[in-house]
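Structure assessment
The lines below spell out each chain.
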Amino acid sequence: MQQNKNMSPLMELSASTLVLYPASKPQEPQEEKEGLVFDSTNFQGDMPKEFLWPSRDLVNTTLEELKEPLVDIGNMRSGDEGAIANVAELVRNACLKHGFFQVINHGVDPDLIDAAYQQLDSIFKLPIARKLSTKRKPGGVSGYSGAHADRYSSKLPWKETFSFLHSHQTISNSQIVDYFESVFGEDLKHTGLVYQKYCEAMKELSLVIMELLAISLGVDRLHYRNFFQDGDSIMRCNYYPPCNNANVTLGTGPHTDPTSLTILHQDQVGGLEVFVDNKWLAVRPRSEALVVNIGDTFMALSNGSYKSCLHRALVNKNRERKSLVYFVCPREDKVVRPPENLLCTNNEERKYPDFTWSNLFEFTQKHYRADVATLQSFIQWQFNDNALPNSSA
Ligand SMILES: O=C(O)CCC(=O)C(=O)O
């Protein structure tokens, strides 16, 4: 892959983050592992070594909360340009610093959010064999994963996940219902229907957030909306069982999201934390709000000015925890590059070369466990001529 002559050397990570979190090296694709089956009720005695995390990752939360802005996104519907400029400024400041904010008045029906939580039980309370029959294939997006034990053999996250694709291009309004029926049969058709509606609502909201991000960056208001209009997003349901040894493990280890934008709802248990100013800060659960954060791909689309920040999720000794996560992604073959007028207005050099989401996704699924340096490692790996054959524009 040729380096763009207008591009500066790879962006530096902040020194303090690097000290705590050195990047790992890209690996050859791993064979699918059999081995451990995650049934949390069997692991409440001595913690199996696979779930132990190094002390640097377990560094205690400071009990301080992140001071992320609460953004009234209802203003985007009001047409009040002054109010829109004010919320865009809040978003800009948060994204320049750590990339996290919460949105309120988002227009997603609270009953739909409740229903999405209820349906989590329909999946995760199934017998283990039934869940394993829908197991995510190596390198794939959709299906069940128990502690990612089929991919990794150490630092396993204390959680179960169920993920599925939400393609924005598909005209059919039953793609998720169809997926649920195909893996679970008729029983979970209603569950599929709930997530179908939930994903449609997330897609609509994400496009409004894209407009707000464009305004906040001073680029054409529709630029990112148009870019993501035909995206291939991913929905993930996270279930964190209670854990007797909550102090030696993590529900989700420290990572940045390789995707573009994440829209998350967490239940009232709490546990999401963000690494800012060299400390772990808690994101306060707010039932009426959705947590939004910038991922690596949007960081590239903003030419590095908006931050994709390290975060993790703790587990709880006594209470199960659930979260609903919608990862907004571009269409897989779209070329990721910042808008020209962003570069011209700021007279900036390119911080990252062109890439496609499909290549970055494949890198994270086959060669690299997402951490603080995923994007830098991916770009280095592409420079070393490991571009995958489908990297067409
Ligand atoms: O459950 C949470 O609060 C965080 C989940 C997360 O970061 C992820 O699924 O990538």
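As the structure is a prediction and not an experimental result, all values here were calculated from the model.

Next up on the list: the packing of helix α4 (residues 81–97) against helix α8 (residues 189–217). In contact at an axis separation of 8 Å, α4 and α8 are set at 80° when each is read in the N-to-C sense. Taken as axis vectors, α4 and α8 run roughly perpendicular relative to one another. The residues of α8 that touch α4, namely those facing Ile84, Val87, Ala88, Val91, Arg92 and Cys95, are Leu212, Leu213, Ile215 and Ser216.

With 29 residues, α8 should reach 42 Å at 1.5 Å per residue; the first-to-last C-alpha distance of 41 Å fits that figure. One or two steps after α8, the chain reaches glycine 218, where phi turns positive at roughly 75°.

Turning our eyes to something else, we now look at the site of the ligand. Around the ligand sit Arg236, Asn238, Thr252, Asp257, Leu264, Gln266, Leu272, His311, Ala313, Ser323 and Val325, and those are all the residues in its vicinity. Of all elements in the fold, only β5 (232–240), β7 (261–266), β11 (311–313) and β12 (321–328) reach the threshold of two or more residues within the shell around the ligand. Considering only residue class, the shell around the ligand consists of four nonpolar, five polar and two charged.

All right, on to the pairing of strand β8 (residues 272–276) then. Counted residue by residue, β8 has five buried out of five residues, so it is predominantly covered. Where burial is concerned, the two faces of β8 agree: the one with Leu272, Val274 and Val276 and the one with Glu273 and Phe275 are both buried. Here three bridges tie β8 to β11, and the two strands are oriented antiparallel to one another. Bridge pairing links leucine 272 to alanine 313 in β11. In this structure, β8 lies alongside strand β9 (residues 279–282), joined through four bridges in antiparallel fashion. Among the inter-strand pairings, glutamate 273 is bridged to a residue of β9, identified as alanine 282.

Its identity is not glycine, yet asparagine 105 carries a phi of approximately 50°, on the positive side. Its 16 C-beta neighbours within 10 Å are what place asparagine 105 among the partly exposed residues. Even without a glycine there, the phi angle at asparagine 303 is positive, about 55°. Looking at the element boundaries, asparagine 303 is found in the loop between α10 (296–301) and β11.

Read from one edge of the open sheet, four strands run β6-β11-β8-β9, paired in antiparallel fashion. Looking along the sheet, the strands with just one partner apiece sit at the ends: β6 (252–255) and β9. Direction aside, the axes of adjacent strands within the sheet are offset by 25° on average. As defined by bridge partners, β6 adjoins β11 across two bridges and the pair is classed as antiparallel. Each bridged residue has a counterpart across the sheet, and for threonine 252 the counterpart in β11 is alanine 313.

Time to look at the nonpolar core. Counting 95 residues, the largest nonpolar core has Val91 and Leu212 as the members making the most contacts within it. A total of 13 residues in this core trace back to one element, the largest contributor, which is α8. Setting aside chain neighbours within four positions, we find leucine 212 in contact with Ile73, Met76, Val87, Ala88 and Val91.

By the secondary structure assignment, threonine 61 is in the loop between α2 (55–58) and β1 (70–72). For threonine 61, a count of 15 C-beta atoms within 10 Å corresponds to the partly exposed category. Remark: the alpha-carbon pair of threonine 61 and leucine 314, spanning 253 residues in sequence, is separated by 9.4 Å. Not counting residues within four places of it along the chain, the set of residues in contact with threonine 61 comprises Glu273, Trp280 and Ala282.

Below, the discussion takes up the confidence of the model for the protein. Per-residue pLDDT for the protein averages 88, and the proportion of residues at 70 or more is 89%. Contacts from residues 1–19, a stretch scored under 50 in pLDDT, to residues over four places away or in other chains number 30 contacts. Note that pLDDT drops below 50 for residues 389–393; the model gives that stretch five contacts with residues more than four away or on any other chain.

Right, let's get into the sheet that holds strand β2 (residues 100–104). As a general point, the strands of a sheet are linked pairwise by backbone hydrogen bonds and lie either parallel or antiparallel. The strand order across the open sheet formed by eight strands is β1-β2-β10-β7-β12-β5-β4-β3, and the pairing between neighbours is mixed. Strands with a single pairing partner mark the edges of an open sheet, and in this sheet they are β1 and β3 (143–146). On average, each strand axis in the sheet is inclined to that of its neighbour by 25°, with strand direction left out of account. Relative to β12, β5 runs antiparallel, the two being bridged by seven bridges. Residue isoleucine 234 lies in a different strand from β12, and its bridge partner there is phenylalanine 327.

Reading the values: rules and limits
- Residues numbered from 1 in each chain as written.
- Predicted model: local features only at pLDDT ≥ 70, side-chain atom pairs only at ≥ 80, totals over all residues.
- Axes fitted to C-alpha atoms, helices over the stretch in contact; angles between N-to-C directions.
- Helix = DSSP H or I, 4+ residues; strand = E, 2+ residues; numbered from the N terminus.
- Parallel < 35°, antiparallel > 145°, perpendicular 65-115°, else oblique.
- Contact = placed C-beta atoms within 7 Å.
- Expected span 1.5 Å × (residues − 1).
- Near = placed C-beta within 6 Å.
- Nonpolar A, V, L, I, M, F, W, Y, C, P; charged D, E, K, R; others polar.
- Buried ≥ 20, exposed ≤ 12 C-beta atoms within 10 Å, placed from the backbone.
- Pairing = 2+ DSSP bridges.
- Core = buried A, V, L, I, M, F, W, Y, C linked by C-beta atoms within 7 Å.
- pLDDT = per-residue confidence, 0-100.

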